[in-house]
Amino acid sequence: MLLAVEIGNSQITFGIYEGCSLSYAAHVVTDHRLTADQYAISLHQILDLYHVNRALLSGSIICSVVPELTAPIAEAIHKLLGIQPLILGPGVRTGLNIRIDNPAQLGSDLVADAVAAIAQFPMPCLIFDLGTATSISVLNQTGTLLGVSICAGVGMMQEGLCSRTALLPHIDLTMPDSPIGRNTVQAMQSGLLYGAAAMIDGMADRLTETLGAPATLLATGCYAQKVLPACKRAFLFCDHLLLDGLRIIYEKNKK
Ligand SMILES: Nc1ncnc2c1ncn2[C@@H]1O[C@H](COP(=O)(O)OP(=O)(O)O)[C@@H](O)[C@H]1O
Ligand SMILES: CC(C)(COP(=O)(O)O)[C@@H](O)C(=O)NCCC(=O)O
Ligand SMILES: [K+]
């Protein structure tokens, strides 16, 4: 069994793979203050919660976009499981051709997303990752990563609206009946959800136009399911694209 770990800016996801299939994915909040011991306790509790036999875990891979947490979480895994996790970064075999100014700068979450997309879907492909940030990765016909577009995530916009205004409240992020809000809550829901949907529809148009070919449209990340119902284009929702990419990369690097 494999432990695949995604350290995102908001959440850390622990995924357990048995062969090619994901058995569990558990989430904890990303907290820069926590120590290796505290993350070891969280992981210990998660493995207990899902009745995972620790002795059967034979490998681990980490993808992190929060550099200060990479070492503490690697240490937590080592303490608990006696496994030295593979850390996705420059030098790790991914098979991905990256054609950007400085490939080492590319977020390793985007590398894992791209590797999974290439293994599972026809190219060219656009990957919309709606997490803390909304990132869009562009893969051409041969699966080369040509570049990325990054903008504020849905949660960031929601926090921004709330914290930078006097009258806008905290709201539940659910789809309003209509994009024309008839009260403050509906107006914010419209702006956040129809707004994000229009952005990703519009970017899908512009990026496929720039590519010069129709592309597979994939969506992942925790806001994808909230936004996709308001989209006009058909996106394929891939819940665990990033974890699948980690599993594939781990296999490629196994001695
Ligand atoms: N089920 C959920 N419903 C609504 N928001 C969520 C849910 N799960 C996570 N979030 C929020 O989504 C944001 C990003 O989550 P995630 O996709 O894990 O991105 P990241 O990889 O950047 O951590 C965070 O603000 C988190 O609090
Ligand atoms: C764009 C991101 C902030 C997305 O992070 P996330 O929303 O998954 O937490 C992350 O991929 C990142 O920090 N990338 C580094 C810059 C780059 O990819 O060019
Ligand atoms: K993202």
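None of these values were measured; they are calculated from a predicted model.

Asker: Help me get a handle on the UniProt feature "active site" (unreviewed entry) in the chain, residues and values and all.
Answerer: As recorded in UniProt, the feature "active site" (unreviewed entry) lies at Asp109. Excluding anything up to four places from it in sequence, aspartate 109 contacts Cys63, Val65 and Leu242.

Asker: Give me helix α2 (residues 67-81): which residues, what numbers.
Answerer: In this model, α2 (15 residues) spans 22 Å end to end at C-alpha, consistent with the 21 Å of a helix rising 1.5 Å per residue. Of all the positions in α2, only Leu69, Thr70, Pro72, Ile73, Ala74, Ala76, Ile77, Leu80 and Leu81 are classed as buried. Residues of α2 that are buried in the fold lie against β1 (2-7), β2 (11-18), α1 (36-49), β4 (59-64) and β5 (86-87). Just beyond α2, the residue with positive phi is glycine 82, at close to 70°.

Asker: Please set out the pattern of salt bridges residue by residue, giving values where relevant.
Answerer: For the structure on display, the rule yields five salt bridges. With its nearest N and O atoms 2.6 Å apart, the salt bridge here joins lysine 79 to aspartate 37. Of this pair, lysine 79 sits in helix α2 while aspartate 37 sits in helix α1; the two residues are 42 residues apart in sequence, bridging distant segments of the chain. Residue aspartate 37 is classed as partly exposed on the basis of its relative accessible area of 42%. When salt bridges with common partners are traced through the structure, they connect Asp37, Glu75 and Lys79 into a single cluster.

Rules used in this analysis
- Residues numbered from 1 in each chain as written.
- Chains lettered and ligands numbered in written order.
- Predicted model: local features only at pLDDT ≥ 70, side-chain atom pairs only at ≥ 80, totals over all residues.
- Heavy atoms only, no water.
- UniProt positions renumbered as here; feature names shortened; annotations may be inferred.
- Contact = heavy atoms within 4.5 Å.
- Helix = DSSP H or I, 4+ residues; strand = E, 2+ residues; numbered from the N terminus.
- Expected span 1.5 Å × (residues − 1).
- Buried < 20%, exposed > 50% of the residue type's maximum accessible area, 1.4 Å probe, protein only.
- Salt bridge = Lys/Arg side-chain N within 4 Å of Asp/Glu carboxyl O.

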